[in-house]
Amino acid sequence: MDSELLELAHALGEKLTAIQAKIAVAESCTGGLIAAAITEIPGSSAWFDRGFVTYSNAAKVEMLGVSPETLQQHGAVSAQTARDMAAGVLSHSDAEFSLAVTGVAGPGGGSAEKPVGTVFIAWQQKNRDGIWKKLSLNGDRHSIRVQTAKSALQYYLF
């Protein structure tokens, strides 16, 4: 596993431990990479509640409550879907914080509007409005997935 990704997961764990809070994640394009990095950290069960790998649209709807209308109007790779995923994580877990990622890791699947490397990340704290960020990443599939995971974890460190 990428050492920088593990360092970010460890730092996140220290912050969450300090405030006695938990995080849960929803992953599409990263396919569980964020949860894997977090659970590499000894003692992460104290601050990591659960992870959802919602690769298909049906999984996003069934597991997180993402609206089919959101998926139809904006697509799986969109700010709206990422925000709905982050909110769904909080509704379906015991965590105080969530993050969600959705994107096009490639090498196929991109379009003129959403080329390979287009990623949306959303973060939310329970009982607060969520925020999101769009990334335009370069590299191969593995690189895009790792960059996405790192960016998702970094938010809570600032």
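What you see is a predicted model, and the numbers here were worked out from it, not measured in a lab.

A. Quick look at unusual backbone geometry. A cis amide bond links Gly106 with the next residue in sequence, Pro107, at an omega value of 5°. Structurally, Pro107 is set in the loop between strand 3 (97–103) and strand 4 (118–125). Positioned with a positive phi, Gln20 is a non-glycine residue whose angle comes to about 55°. As for its position among the elements, Gln20 is in the loop between helix 1 (3–18) and strand 1 (23–27). With relative accessibility at 73%, the residue Gln20 sits in the exposed group. A positive phi angle, near 65°, is found at Asn127, a position not held by glycine. With respect to the helices and strands, the residue Asn127 is situated in the loop between strand 4 and strand 5 (131–136). With relative accessibility at 76%, the residue Asn127 sits in the exposed group.

B. How the structure looks around the pairing of strand 5. In this structure, strand 4 lies alongside strand 5, joined through six bridges in antiparallel fashion. In the strand pairing of strand 5, Trp123 is matched with Ile131.

C. Up close: the layout of surface pockets. Here the largest pocket defines a volume of roughly 160 Å³. Around the largest pocket, the lining is made up of 14 residues, and of these Cys29, Tyr55, Gly103, Val104 and Ala105 lie nearest the centre. Residues belonging to the lining of the largest pocket are distributed by class as follows: six nonpolar, six polar and two charged.

D. A look at the side chain of Ser98. Relative to the assigned elements, Ser98 resides in strand 3. Reaching out from Ser98, the side chain makes a polar contact with the backbone oxygen of Ala86 at a distance of 2.8 Å. In this view, Ser98 contacts Ile23, Ala24, Ala86, Val89, Leu90, Ala122, Trp123, Gln124 and Tyr156; residues no more than four positions away in its chain are not counted.

E. Region of interest: the packing of aromatic side chains. Counted according to the given criterion, the structure contains two aromatic pairs. With a centroid separation of 6.0 Å and an interplanar angle of 50°, the aromatic rings of Phe120 and Trp132 are classed as tilted. One end of the pair, Phe120, is in strand 4; the other, Trp132, is in strand 5, with 12 residues separating them in the sequence. For Phe120, a relative accessible area of 8% translates into the label buried. Judged by its relative accessible area of 39%, Trp132 falls in the partly exposed class. Judged by centre distance (4.4 Å) and plane angle (25°), the rings of Trp123 and Tyr155 are stacked.

F. How the structure looks around the packing of helix 1 against helix 6 (residues 141–154). Axis separation between helix 1 and helix 6 bottoms out at 9 Å; the angle between their running directions is 20°. One finds that helix 1 runs roughly parallel with respect to helix 6. Note that helix 1 runs across helix 6; the crossing there is left-handed. Along the contact surface, helix 1 presents Glu4, Leu5, Leu8, Ala9 and Leu12, while helix 6 presents Ala149, Lys150, Leu153 and Gln154.

Cut-off values and rules
- Residues numbered from 1 in each chain as written.
- Predicted model: local features only at pLDDT ≥ 70, side-chain atom pairs only at ≥ 80, totals over all residues.
- Heavy atoms only, no water.
- Helix = DSSP H or I, 4+ residues; strand = E, 2+ residues; numbered from the N terminus.
- Buried < 20%, exposed > 50% of the residue type's maximum accessible area, 1.4 Å probe, protein only.
- Pairing = 2+ DSSP bridges.
- 1 Å grid on protein atoms, 1.4 Å probe; cavity = no way out; pocket = protein on both sides within 12 Å on 5 of 7 lines; lining within 4 Å.
- Points joined across faces, edges and corners; volume = space filled by probe spheres on them.
- Nonpolar A, V, L, I, M, F, W, Y, C, P; charged D, E, K, R; others polar.
- Polar contact = N/O pair within 3.5 Å; in protein donor to acceptor, adjacent residues only side chain to side chain.
- Contact = heavy atoms within 4.5 Å.
- Phe/Tyr/Trp six-rings, centres within 6.5 Å; stacked < 30°, edge-to-face > 60°.
- Axes fitted to C-alpha atoms, helices over the stretch in contact; angles between N-to-C directions.
- Parallel < 35°, antiparallel > 145°, perpendicular 65-115°, else oblique.
- Left-handed = near helix turned anticlockwise from the far one by under 90°.

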